[in-house]
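Okay, here's what each chain looks like letter by letter:
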Amino acid sequence: MASSDTPATTKTTRRPTSFSSSSSMAAVADWASWYCAVVLLGLILMASVRESSLSYDHEAFRGSRFLARPCDEIYVVGEGETLHTISDKCNDPFIVERNPHIHDPDDVFPGLVIKITPSSDRFR
């Protein structure tokens with residue numbers, strides 16, 4: 001009989017237990033990476049929603065004028081505003097006196113920073 005006529009003996013090799021544990025470790029690592037990706041995506045979405053909710057309301061602008069612009073202690077003059085309109089809006093009749101850097105009340109330009117101190121009757 002030739003060597004091909006002899007019945008082939010098959011060896012059953014047993015897989016090492018480390019292979020099955022490495023397979024489960026790979027599954028855990030895969031699950032953890034997907035979990036981190038989903039959490040990261042959620043954080044990015046939450047941040048973008050928060051940013052969009054903090055963005056300026058475009059309906060508050062009409063042309064170049066601000067409609068509901070707050071009068072903070074430090075005020076930046078917008079386009080088309082005068083000291084008279086700012087004084088009326090912020091209820092501060094003494095803008096020129098409180099801002100010594102304003103030499104000419106008619107020379108007000110967008111971007112000029114002024115100090116506002118509203119009168120107390122504004123908050124009634």
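All values derive from a computational prediction rather than experimental measurement.

J.: Could you give an account of the overall build of the chain, naming the residues involved and the relevant values?
T.: The helix and strand inventory of the chain stands at three helices and four strands. For the chain, the α and β elements follow one another from N to C terminus as α-β-β-β-α-α-β. Here the chain holds 124 residues, and 14% of them are scored as buried. Considering only contacts within the chain whose residues lie at least 6 apart along the sequence, 48% involve residues at least 24 apart.

J.: Give me the state of the cysteines: which residues, what numbers.
T.: Any covalent bond linking the sulfur atoms of two cysteines counts as a disulfide. Evaluated as defined, the whole model comprises one disulfide. The disulfide partner of Cys-71 is Cys-90, and the gap between their sulfur atoms is 2.0 Å. Its S-S torsion of approximately -75 degrees makes the covalent link between Cys-71 and Cys-90 left-handed. Linking Cys-71 in the loop between strand E2 (65–66) and strand E3 (74–76) with Cys-90 in helix H2 (residues 83–90), this pair joins segments that are 19 residues apart in sequence. Since its relative accessible area comes to 0%, Cys-90 is described here as buried.

J.: Any chance you could break down the nonpolar core for me, citing the residues and the numbers?
T.: With twelve residues, the main nonpolar core is built from Cys-71, Tyr-75, Val-77, Leu-83, Ile-86, Cys-90, Ile-95, Ile-102, Val-108, Leu-112, Ile-114 and Ile-116. Element by element, the count of residues in this core is highest for H2, at three residues. When near neighbours in sequence (up to four residues on either side) are disregarded, Val-108 contacts Val-77, Glu-81 and Leu-83.

J.: Summarise the UniProt feature "transmembrane region" (unreviewed entry) in the chain; cite the residues concerned and give the values.
T.: Taking the numbering used here, the UniProt-annotated feature "transmembrane region" (unreviewed entry) corresponds to residues 31–49. For the annotated span residues 31–49, helix accounts for 100% and strand for 0% of the residues, and the straight-line distance between the end C-alpha atoms is 27 Å.

J.: How would you summarise a nonpolar patch on the surface if you had to cite specific residues and measurements?
T.: Residues Trp-31, Tyr-35, Val-39, Leu-43 and Met-46 make up a contiguous nonpolar surface patch of roughly 590 Å² in combined accessible area. With respect to the helices and strands, Trp-31 occurs in helix H1 (residues 17–54).

J.: So what's going on with the packing of aromatic side chains? Residues and values would help.
T.: If you walk through the whole model with that rule in mind, you get one aromatic pair. Ring centres 5.5 Å apart and planes at 15 degrees place the aromatic pair Trp-31 and Tyr-35 in the stacked group. With a gap of four residues between them, Trp-31 and Tyr-35 both fall in helix H1, about one helical turn apart. Here Trp-31 and Tyr-35 have matching classes, each one exposed.

Definitions and limits used
- Residues numbered from 1 in each chain as written.
- Predicted model: local features only at pLDDT ≥ 70, side-chain atom pairs only at ≥ 80, totals over all residues.
- Heavy atoms only, no water.
- Helix = DSSP H or I, 4+ residues; strand = E, 2+ residues; numbered from the N terminus.
- Buried < 20%, exposed > 50% of the residue type's maximum accessible area, 1.4 Å probe, protein only.
- Contact = heavy atoms within 4.5 Å.
- Disulfide = S-S within 2.5 Å.
- Core = buried A, V, L, I, M, F, W, Y, C linked by side-chain atoms within 4.5 Å.
- UniProt positions renumbered as here; feature names shortened; annotations may be inferred.
- Patch = residues over 30% accessible without salt bridge, like charges linked within 9 Å, V, L, I, M, F, W, Y side chains within 5 Å.
- Areas by Shrake-Rupley, 256 points an atom, 1.4 Å probe, with all protein chains shown as cover.
- Salt bridge = Lys/Arg side-chain N within 4 Å of Asp/Glu carboxyl O.
- Phe/Tyr/Trp six-rings, centres within 6.5 Å; stacked < 30°, edge-to-face > 60°.

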